[in-house]
Structures are given as C-alpha cells and as structure tokens.
Amino acid sequence: MKVILRNPRREIEVAGGRRVKDVLRELHILPETVLVIRGDELITADQVVRDGDTIELRPVMSGGAR
Amino acid sequence: MKCRKCGGTAVLELRRHNAAFCAPDFLDFFRNQVREAVRKYRMLDKDEHVLVAVSGGKDSLALWDVLLDEGYRTTGLYLDLGIFDYSVESRRKCEAFAAGRGVPLIVASVAEEVGGPVPVIKEVTRRPPCSGCGLSKRYLMNRVALDRGIGVVATGHNLDDEAATLFGSIAHWQTDALARQSPALPSTHAKLVRRVKPLYRLSELETSAYAFLRRIDYIVEECPFAKGATSIAHKEILNRMEDASPGAKHNFLFGFLEKARAAFERTEAVELRECARCGQVTTGTICAFCKLADQVKRTL
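Every residue gets a number counted from 1 within its own chain, in the order that chain's sequence is written. Each chain gets a letter, beginning with A, and each ligand a number, beginning with 1, in the order they are written. Residues qualify for local features only when their pLDDT is at least 70, as the model is predicted, and side-chain atom pairs are given and counted only at 80 or more; totals for whole chains, interfaces and linings, by contrast, use all residues. Calculated side-chain values reflect all of the structure's heavy atoms, with hydrogen atoms and water omitted.

Brief notes about the overall build of chain A
- Only DSSP runs of H or I reaching four residues or more are called helices, and only runs of E reaching two or more are called strands; each is numbered from the N terminus. Along the backbone of chain A there are one helix and seven strands.
- Listing every helix and strand of chain A by position from the N terminus yields β-β-β-α-β-β-β-β.
- Relative to the 2.2 N^0.38 estimate, which gives 11 Å for 66 residues, the radius of gyration of chain A is 12 Å and therefore close to what a compact globule would have.
- Each of the three principal axes of chain A carries a C-alpha extent, and together these read 40 × 25 × 20 Å.
- By sequence separation, contacts in chain A at least 24 residues apart represent 52% of the contacts at least 6 residues apart. As a reference, a globule follows 2.2 Å times the number of residues to the power 0.38, and the radius of gyration itself is taken over C-alpha atoms. What makes two residues a contact is simply this: any of their non-hydrogen atoms within 4.5 Å.

Here it is, written out as structure tokens:
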C-alpha cells in the first residue's frame, strides 16, 4: 500500500493487510501527531488498511513564532 | 471504533477524553470546547467586533471558521512575513477563505512596517527568526486593531502551543512569562487591546481534524524557519509524554492555569508608557518594535 508523507511531500510503499496503528508503529510515528486520511475521510488507528489503499499521514504540529 | 455519542463509525479517537467521535459529533464537541473557553474566560461579547489573526494554517482558519459559525462579527488580519513561497501560499489561503465566506481581510506587510521581511530581520539581528517574527506579529496585531477601533484580537493558539510555551517558561523559570500566560489577556492600557485564545482547550490533532472535516483549505507545509525551533522540540517532548500517558498535556496546562498561575502574578504593576517614536505601549522610552525597525533600516 501507498503512504503519503508531508513536509516534504513524499510517497513510500509499506505492507497492507493490517491496522493503521501497526503502520504508524513501523514508521515510528506517534498516533496523535498525524491525521490519517484515506480518500476524503479520516480513519482511526484501529482501522485495517489493505494493499491497494493509499493513506496520507498529515502532520498536525506547527511551530515557530506563534 | 465507535462514536461515543451516536455509536456510528468514528473518524477520530481522542485518547485524553477516552472517547472517539463520528464527524458530526466531533464538530459539535469542538464547538462546545470553544464555547466553554469563551464562557470561562469571558473572552468575547456576542456583539463585539473581533480581529482574527490568520496565518493560512489550520488553527487560525479553524478559529475564524468557528467564530463565524457562532455568529461573531469578525475581520481577518493576515501579516505578510515575506518568507518566500511559504508567505505567498499562506496569503493565498487566507484570501480564498475570506472570499469564500464573504468576510473582510486586512493584509499588513512586515517588510513595509519594519523595513525588511522576516528573512532579512533574521540576518540583521542574528537572532532566531521566530524572535523578530513574534515581536512584529504582536506589535502589528495590536496596532491594526487600535487603528480600526477593534477592542479584541483572537489568535489560533491551541492546547499544544500553550503547553509548549508553559514548558519552555518553566524550563528557564521565566516567572514574568508565567505571569502573562493565560487564554485571555486583558487590556492593561488604553492602547493595548485584549488578546484571547479560544482554541486553548483543543489539541493540534483536534484543530487539524476540524479544519479537515470542514474542508478548510489550509497550508499544510510548515514555515521553513520553524525547523529546529525550540517550540517544536518542546512539543515533541510533550507528545512523547502524551503517548505514554494520555491527558498529560491537558493536565500540565490546565493544572497550571487553575492551581499555579496566580502564584506568579505580579504584586507590583509594571509601569507602561507610550513609545516616543510610534506611540504604542512599552515599558521603556522606545518600544522593541521601533528598535528593531531602526536596526533593520540602519543595516540595509
């Protein structure tokens, strides 16, 4: 399955057929630091993603002079 | 995962609340948190004009969206920092948002006001870019509000921003900063407008989810100068704490506000006067903004 990462934008391939939380763990991403977007919907970490899926992991953190 | 309210499919899990929500119920939750923030700190009157500081990012556009939804009379303020393509794109997002909702947007340019954009300020001052940027933002937000006769500025600071600021202040025991940290800063001088942070009860995950679910077109790319910023490092530390113990950030910030902040409030009032150059409020003779502008203009 395809995973879109941001800042900078890039795409990687990982194994599907498992839960979002397992993908996040493999990528060393804390679940609360990204929105998980499939199509035009948000999905939770317990959802299963399949080999043909594309998900975007959109970071939620902003910083600097706030 | 099921929505706590309706039992439908959840789109977002909020571990610190031990809950998950579907999209409509999450949006309700979000609006209720903003209402509670406004009520608890008496941030805004229903009929007053609010200047909403917008950057094109998720927080400030979510804030503007929710305030419009709640029926507030608002004007947006975008400060063009002159940070390469990032500023071009973020300005475009703000203008599109304002046009789409038919609401006014003021654009002010840091380069025009200071004499150079943020990248130049960084070079001239040889200080971290966030330093001159933050100073310029605070000054210009206040001045634009005053010029327009608007008594309050609302900013998109969220729970993570506030927790990270608190963490930084405690790490260095900056007691002045601890005294000033609040979701609502009152006017302490005729030329200082109130500043409020209606999103302080909501995490970055929640403001991002709100912006996404409301189909707000915000800039996802980060400010190029934010990389390596101390505030980001503090957020990463707090995120690891949150992962190990959901609610840690909330408890850290809310515990300070409810139990500790009063201990840092000043017993002696700081004497405020008007800058001899621009007339804005300062504790010295010339305000920090005018000193910065002088430094930039001298160097260029």
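Text resumes after the structure shown.
Let's talk about the environment of A163 of chain B
All names here are of chain B.
- Relative to the helices and strands, A163 is located in helix α7 (residues 159–171).
- A residue is classified by how much of its surface remains accessible, and A163, at 0% relative accessible area, is buried.
- With 75 residues separating them along the chain, A163 and L238 place their C-alpha atoms 8.0 Å apart.
- When sequence neighbours within four positions are dropped, the list of residues in contact with A163 reads L238, K249, F252 and L253. The classification of residues rests on relative accessible area computed with a 1.4 Å probe and restricted to protein chains. Under 20% of the type maximum is buried, over 50% is exposed, and intermediate values are partly exposed.

Focus: the environment of T285 of chain B
- If you trace the backbone, T285 of chain B turns up in the loop between β10 (281–282) and α12 (288–299).
- For T285 of chain B, the residues in contact, after removing those within four places along its chain, are R273, E274, C275 and A276 of chain B.

Quick word on the pairing of strand β7 (residues 54–59) of chain A
All names here are of chain A.
- Two strands pair when backbone bridges link them, and strand β1 (residues 2–5) and β7 are joined in this way by four bridges, in the parallel orientation. Within the sheet, the bridge partner assigned to K2 lies in β7 and is T54.
- Only strands joined by at least two bridges in the DSSP assignment are considered to pair. Examined bridge by bridge, strand β4 (residues 34–38) and β7 share five bridges and lie antiparallel to one another. Note that in β7 the partner of V34 across the bridge is P59.

Concerning the interface of chain A and chain B
- If you look at the interface, chain A gives 24 residues, while chain B gives 38 residues.
- With both chains or domains summed, chain A and chain B bury close to 2,700 Å², and 56% of this area falls on carbon and sulfur atoms.
- Any carboxyl oxygen of Asp or Glu within 4 Å of a side-chain nitrogen of Lys or Arg constitutes a salt bridge here. On the surface where chain A and chain B come into contact, there are one salt bridge.
- Here E221 of chain B makes a salt bridge to R6 of chain A, at a shortest N to O gap of 3.2 Å.
- The definition of a polar contact used here is a pair of N or O atoms within 3.5 Å, where within protein one atom must be able to donate a hydrogen and the other to accept one, and adjacent residues in sequence count solely through side-chain atom pairs. Between the two partners, chain A and chain B, sit 10 residue pairs in polar contact (both at pLDDT 80 or more).
- Counting only elements with at least two residues in the side of chain A that touches chain B, the list comes to β4 and β5 (41–42) of chain A.
- In terms of residue count, β4 of chain A provides more of the side of chain A that touches chain B than any other element does, three residues in total.
- Nonpolar residues are Ala, Val, Leu, Ile, Met, Phe, Trp, Tyr, Cys and Pro. Charged residues are Asp, Glu, Lys and Arg, and all others, Gly as well, are polar. Residue classes in the side of chain A that touches chain B are distributed as 10 nonpolar, seven polar and seven charged. What gets called buried area is simply the loss in accessible area from a 1.4 Å probe that two parts show on being joined, summed for both.

Some details on the layout of surface pockets
- Lining residues are those with an atom within 4 Å of a point, where the points come from a 1 Å grid over the protein atoms alone and group into cavities, where a 1.4 Å probe fits but cannot get out, or pockets, open sets with protein on both sides within 12 Å along at least five of seven lines. Grid points are joined across faces, edges and corners, and a volume is the space filled by probe spheres set on the points. As a volume, the second largest pocket reaches approximately 790 Å³.
- Lining the second largest pocket we find 24 residues, and of these R6, N7, P59 and M61 of chain A together with E236 of chain B sit closest to its centre.
- Those elements giving two or more residues to the lining of the second largest pocket turn out to be β7 of chain A together with α10 (230–244) of chain B.
- If one sorts the elements of the lining of the second largest pocket by residue count, α10 of chain B sits on top with four residues.
- A per-class count over the lining of the second largest pocket returns 12 nonpolar, six polar and six charged.

A word on the confidence of the model for chain B
- Residues with a pLDDT of 70 or more make up 99% of chain B, whose mean pLDDT is 96.
- For this predicted complex, the interface confidence score (ipTM) comes to 0.96, while the overall pTM stands at 0.96. Confidence per residue, as judged by the predictor, is encoded in pLDDT with a range of 0 to 100.

Quick look at the sheet that holds strand β4 (residues 73–80) of chain B
All names here are of chain B.
- Strand order across the open sheet formed by six strands is β5-β4-β3-β6-β8-β7, with mixed pairing between neighbours. Edge positions in the open sheet fall to β5 (105–109) and β7 (184–185), since each of these has one partner strand only.
- Of the strand pairs in this sheet, β7 and strand β8 (residues 194–196) are connected by two bridges, and their pairing is antiparallel. Note that in β8 the partner of L185 across the bridge is R195.
- Helix axes are fitted only over the stretch in contact, all axes being lines through C-alpha atoms; the angle between N-to-C directions runs from 0 to 180 degrees. On the sheet, helix α6 (residues 129–147) packs against β3 (49–54), β4, β5, β6 (152–154) and β8 and is oriented at approximately 140° with respect to β4.

Observations concerning the packing of aromatic side chains
All names here are of chain B.
- Two aromatic rings from Phe, Tyr or Trp, using only the six-membered ring of Trp, form a pair when their centres are within 6.5 Å; if the ring planes differ by under 30 degrees the pair is stacked, by over 60 it is edge-to-face, and anything between is tilted. Here the structure, examined in full by the defined rule, presents 11 aromatic pairs over all chains.
- Relative to F225, the ring of F84 lies with its centre 6.2 Å away and its plane at 55°, an arrangement referred to as tilted. In this pair, F84 sits in helix α3 (residues 84–101) while F225 sits in the loop between α9 (204–213) and α10, placing the two residues 141 residues apart along the sequence.
- Ring centres of F167 and F252 lie 6.4 Å apart, and the angle between their planes is 65°; this geometry places the pair in the edge-to-face category. Here the residue F167 occupies a position in helix α7, and F252 occupies one in helix α11 (residues 248–264), the gap between them amounting to 85 residues.
- Given the relative accessible area of 25%, F252 is considered partly exposed.
- Ring pairs connect the aromatic residues F21, F26, F29, F30 and Y210, which therefore count as one cluster.
- When the NZ atom of lysine or the CZ atom of arginine is within 6 Å of a ring's centre and also within 35 degrees of its normal, the charge is said to sit over that ring. Taking NZ or CZ as reference, K46 lies 4.4 Å from the ring centre of Y72, over its face.
- The ring of F212 has R215 sitting right over it, with the charged end atom 5.2 Å from the ring centre.

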